[in-house]
Amino acid sequence: MVLKRTNSNDSDFKALIVLLDEDLHKINGEIQAAYNQHNLLDFIETVVIAYIDGLPAGCGCFKKFDDKTVEIKRMFVTETQRCKGIASAILKELELWAREIGYTHTVLETGKKHTEALGLYHRFGYVITKNYEPYVGMPDSVCMRKRIV
C-alpha cells in the first residue's frame, strides 16, 4: 500500500468521491439527500489517497473545524479493497498530518447505519459527542471526537 498526500483537485480523489457518493446512497437511501449538501467540499489541501498495486483504493481528507480541531471527511475504501487495513492507514495518516500542522483534536460525522465505520472510529479512540452543526437535529448522524496529541 502506498499513501499519497494531495489535494481535492487530484483526479483519483474525484473518482473515489463519485464511488463514495454512490455507496452512501445505497446504504442510506432517501435520507442521503439531506446529507448531500454537507458533503460538498470546496478546495481541500489535505487529502490522503491509498493505492494498492498502483490503483486508487481509498481516500479521506480533513478541513479546519476550529483553531485546534479538524473535521475528518470523505473516508472511503472501494468495495473490493475493504477489510485490508486501508481505512486504518488513511485515518492514521490524516491524524498524523493534522498533528504535524498543529491541530490537537479531530471530529467527524458518520451515520448510524455505517457499522464498519463506527467500529473503526471506536478502535481508534473516537468517542461519541453531541452532534455539531450542521448535524444538530439529524437523528441518523453520529458525531465523534478524539484528542490526537
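The notes below deal with the structure included here.

What counts, and at which threshold
- Residues numbered from 1 in each chain as written.
- Predicted model: local features only at pLDDT ≥ 70, side-chain atom pairs only at ≥ 80, totals over all residues.
- Heavy atoms only, no water.
- Pairing = 2+ DSSP bridges.
- Helix = DSSP H or I, 4+ residues; strand = E, 2+ residues; numbered from the N terminus.
- Axes fitted to C-alpha atoms, helices over the stretch in contact; angles between N-to-C directions.
- Contact = heavy atoms within 4.5 Å.
- Polar contact = N/O pair within 3.5 Å; in protein donor to acceptor, adjacent residues only side chain to side chain.
- Salt bridge = Lys/Arg side-chain N within 4 Å of Asp/Glu carboxyl O.
- Buried < 20%, exposed > 50% of the residue type's maximum accessible area, 1.4 Å probe, protein only.

Below, the discussion takes up the sheet that holds strand β4 (residues 69–77). If you trace the seven strands from one edge of the open sheet to the other, you get β1-β2-β3-β4-β5-β7-β6, paired in mixed fashion. Edge positions in the sheet fall to β1 (2–6) and β6 (127–129), since each of these pairs with one other strand and no more. Direction aside, the axes of adjacent strands within the sheet are offset by 30° on average. Pairing of strand β3 (residues 55–66) with β4, which is carried by seven bridges, proceeds in the antiparallel orientation. Directly across from G58, in β4, lies its bridge partner V77. Relative to strand β5 (residues 105–111), helix α4 (residues 115–123) is tilted by about 160°, and along the sheet it contacts β4, β5, β6 and β7 (141–147).

As a further point, take the side chain of E71. You can see E71 is positioned in strand β4. Polar side-chain contacts of E71 include one of 2.8 Å to the side chain of Y132. Excluding residues within four positions of it along the chain, E71 makes contact with C61, F62, K63, F65, V107, L108, Y132 and Y135.

With that settled, the discussion passes to the side chain of R74. As for its position among the elements, R74 is in strand β4. Among the polar contacts made by the side chain of R74, one reaches the side chain of D21 at a distance of 2.4 Å.

Bringing the pattern of salt bridges into the picture now. Applying the stated criterion across every chain yields a total of eight salt bridges. Among the salt bridges present, the one from D21 reaches R74, with a minimum N-O distance of 2.4 Å. Residue D21 is found in helix α1 (residues 11–28), and its partner R74 is found in strand β4; the two are separated by 53 residues along the sequence. Judged by relative accessible area, which is 7%, R74 ranks as buried. The network of salt bridges with common partners includes R5, E93 and E100.

Moving on, we get to the environment of E45. Here E45 lies in the loop between α2 (32–36) and β2 (47–52). The exposed category is assigned to E45, whose relative accessible area is 59%. Distance from E45 to R5, taken between C-alpha atoms, is 8.9 Å for residues 40 residues apart in sequence. When neighbours within four sequence positions are excluded, E45 is seen to be in contact with T6, N7 and W97.

Along any regular strand the residues' side chains alternate between the sheet's two faces. Of all six residues that make up β2, five are buried, and the element is covered over most of its length. Looking at chain direction, β1 and β2 are connected through five bridges and run antiparallel. When the bridges of β2 are listed, K4 appears paired with I49. Of the strand pairs in this sheet, β2 and β3 are connected by six bridges, and their pairing is antiparallel.

What follows covers unusual backbone geometry. Backbone torsion omega between E133 and P134 reads 10°, so that peptide bond is classified as cis. Tracing the backbone through its elements, the reader meets P134 in the loop between β6 and β7. In this model, D53 sits at a positive phi of 50°, which is unusual for a non-glycine residue. By the element assignment, D53 lies in the loop between β2 and β3. Owing to a relative accessible area of 76%, D53 belongs among the exposed residues under this scheme. In this structure, C83 is a non-glycine residue whose phi angle is positive, near 70°.

Purely spatial values, then, with no claim about function.
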